[in-house]
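Architecture and fold: a report
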Amino acid sequence: MRLFVTGWDGLLGSSLVPLLQESHEVTGVGIQDGDIADGTWLFPRVSAFRPDWIIHLAAMTAVDACEEAKDEAYRVNEEGSAIVAEAAFGARAGVLGISTDYVFDGKKQTPYGVEDPVNPLSVYGHSKWLGEEALGRYDSRWAVVRSAWLYGPGGRSFVSTIRNLLNTRETIKVVDDQVGSPTYTEDLARLIEGLVRREPEGIYHGVNRGAASWFEFAQEIARCFGFDPNRIQPTSTEEFGRPAPRPPYSVLDGSRAENVSRVTMRSWKDAVHHFIENQSWD
Ligand SMILES: NC(=O)c1ccc[n+]([C@@H]2O[C@H](COP(=O)([O-])OP(=O)(O)OC[C@H]3O[C@@H](n4cnc5c(N)ncnc54)[C@H](OP(=O)(O)O)[C@@H]3O)[C@@H](O)[C@H]2O)c1
């Protein structure tokens, strides 16, 4: 297949692009190529490549910054997705975009399925949800994979942040009242590759299995690096005080994506152990 990836040098793109290149013709664009919400440069690039699918990763992903720069968040995450969908339509390609667990309000206490109604709390979550809708604005094949709490080898993430903090502070406080689905970019990449092979349609949830609070996730990271997990102490969202509201519970049920892609996702604990043990940390 011929695959065109936006945001290809970001955290997820750094795992996804090399995997796709093993069995597909792949090209892509990063922020240095142009603004994703501007079609004038993107349309000819996409048409010239003639992709079967565009995989759309480019986004404003800094959740708290989106609260401050609201217009920019909607411009990139909603309008950017509409431009990518238009590019796909023009090239008769399908478009698969990546979205987020933050489209949910967290009032449920069991994993969110793809049919559950969304109710985003933050500008980031709302702009990503409008981006999902924008992908279906044209009469072309479209799919959305919602994921969550990503970490991997391609950039800074919660794993590297916790490691850095444990190297410089005796104790650190991490919130224990937000529960979600920590997900390894290398596993999500395999799932996305499996989906594009099988003509995906509509909404999917792509996550490692199980559930954890940020506190539990941080303690597991500490264990993997050989630190005493008791150096991580629980705190509350209120005490931590961040600009963007976050859902207290946003665990995703990934069964539809696993069935369609025929890729089995491992547990978040196995995934984080694998990542930390197989990465060079010097
Ligand atoms: N990270 C997570 O935990 C998470 C969870 C759920 C869903 N997602 C979604 O997964 C996708 C990939 O996320 P990621 O973690 O790989 O994010 P990332 O590392 O921030 O990559 C996104 C890329 O898009 C670029 N970008 C930002 N604004 C742009 C613009 N106007 N035009 C063109 N490119 C622009 C970014 O450039 P700069 O770095 O220069 O801004 C970055 O290279 C995103 O759609 C995100 O919403 C992420």
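Residues numbered from 1 in each chain as written. Predicted model: local features only at pLDDT ≥ 70, side-chain atom pairs only at ≥ 80, totals over all residues. Heavy atoms only, no water.

**Some details on the overall build of the protein chain**
- Helix and strand content of the protein chain: 11 helices and 12 strands.
- When the backbone C-alpha atoms are referred to their principal axes, the protein chain occupies close to 55 × 35 × 35 Å.
- Residues classed as buried in the protein chain amount to 55% of the 282 residues present.
- When contacts within the protein chain are restricted to residue pairs at least 6 apart in sequence, long-range pairs at least 24 apart make up 81% of them.
- Carbon and sulfur atoms make up 47% of the accessible area of the protein chain, which amounts to about 12400 Å² in all.
- Within the protein chain, the 40 negative side-chain charges are centred at a point lying 3 Å from the centre of the 28 positive side-chain charges. (Helix = DSSP H or I, 4+ residues; strand = E, 2+ residues; numbered from the N terminus. Buried < 20%, exposed > 50% of the residue type's maximum accessible area, 1.4 Å probe, protein only. Contact = heavy atoms within 4.5 Å. Areas by Shrake-Rupley, 256 points an atom, 1.4 Å probe, with all protein chains shown as cover. Lys, Arg positive; Asp, Glu negative; His and termini not counted. Charge placed at Lys NZ, Arg CZ, Asp CG, Glu CD.)

**Concerning the packing of aromatic side chains**
- A complete count under the given rule lists 16 aromatic pairs for this structure.
- With a centroid separation of 5.6 Å and an interplanar angle of 50°, the aromatic rings of Tyr151 and Phe217 are classed as tilted. Taken together, the residues span a long stretch of sequence, with Tyr151 in strand β6 (residues 150-151) and Phe217 in helix α8 (residues 214-224) at a distance of 66 residues.
- Of the residues examined, Tyr151 reaches a relative accessible area of 0% and is grouped as buried.
- For Phe217, a relative accessible area of 1% gives the class buried.
- Where Tyr151 meets Phe275, the ring centres are 5.5 Å apart and the plane angle is 45°; that geometry is what we call tilted. Of this pair, Tyr151 sits in strand β6 while Phe275 sits in helix α11 (residues 268-277), and the two are 124 residues apart along the sequence.
- Taken together, the ring pairs connect Trp149, Tyr151, Phe158, Tyr184, Trp214, Phe217, Phe225, Phe227, Trp268, Phe275 and Trp281 into an aromatic cluster. (Phe/Tyr/Trp six-rings, centres within 6.5 Å; stacked < 30°, edge-to-face > 60°.)

**Observations concerning the site of the ligand**
- The full set close to the ligand counts 22 residues, and Leu11, Leu12, Thr61, Tyr124 and Lys128 are the nearest of them.
- Here an oxygen atom of the ligand sits 2.7 Å away from a polar atom, N or O, in the side chain of Tyr124.
- Protein contacts shield 78% of the accessible area of the ligand, which totals 890 Å² for the unbound molecule.
- Broken down by secondary-structure element, the contributors of at least two residues to the shell around the ligand are α1 (11-21), β4 (94-100) and α5 (123-135).
- A total of 3 residues in the shell around the ligand trace back to one element, the largest contributor, which is β4.
- The residue makeup of the shell around the ligand, split by class, is 13 nonpolar, 6 polar and 3 charged. (Near = heavy atom within 4 Å. Polar contact = N/O pair within 3.5 Å; in protein donor to acceptor, adjacent residues only side chain to side chain. Nonpolar A, V, L, I, M, F, W, Y, C, P; charged D, E, K, R; others polar.)

**Things to note about α11**
- Among the residues making up α11, those that are buried are Trp268, Ala271, Val272, Phe275 and Ile276. Across the axial projection of α11, the buried residues extend over an arc of 125°, all falling on one side. (Arc of directions from axis to C-beta.)

**Re the nonpolar core**
- In terms of nonpolar packing, the biggest core is built from 63 residues, with Leu42, Val159, Phe217, Ile232 and Val272 touching the most fellow members.
- Of all elements in the fold, only α2 (39-49), α3 (63-68), α4 (70-90), α5, α6 (158-168), β7 (172-175), α8 and α11 reach the threshold of two or more residues within this core.
- At 8 residues, the largest contribution of residues to this core is made by α4.
- In contact with Leu42, not counting residues within four places along its chain, are Phe4, Val29, Ile36, Ile83, Val84 and Ala87.
- Counting residues in each nonpolar core, the second largest holds 25 residues, with Val5, Leu191, Ile192 and Met265 among its members. (Core = buried A, V, L, I, M, F, W, Y, C linked by side-chain atoms within 4.5 Å.)

**Brief notes about the pattern of salt bridges**
- Per the counting criterion, the structure on display carries 16 salt bridges.
- For Arg209, the salt bridge is made with Glu258, and the minimal N-O distance between the two is 2.6 Å. With a gap of 49 residues between them, Arg209 in the loop between β10 (202-205) and β11 (212-213) and Glu258 in helix α10 (residues 255-261) connect regions that are remote in the sequence.
- Glu258 gets classed as buried once you look at its relative accessible area, which sits at 11%.
- By sharing partners, the salt bridges in this structure join Asp35, Glu72 and Arg75 into a single network. (Salt bridge = Lys/Arg side-chain N within 4 Å of Asp/Glu carboxyl O.)

**Structural notes on the pairing of strand β5 (residues 142-147)**
- Burial analysis of β5 places 5 of its 6 residues in the buried class, the great majority of the element.
- Bridging between β4 and β5 involves 6 bridges; their strand directions are parallel. Bridging across to β5, Ile98 finds its partner in Val145.
- Between β4 and its parallel partner β5, the chain crosses via α5, and the hand of that crossover is right-handed.
- The pairing of β5 with β10 spans 4 bridges and is classified as parallel. (Pairing = 2+ DSSP bridges. Right-handed = clockwise from strand over helix to strand, strands pointing away.)

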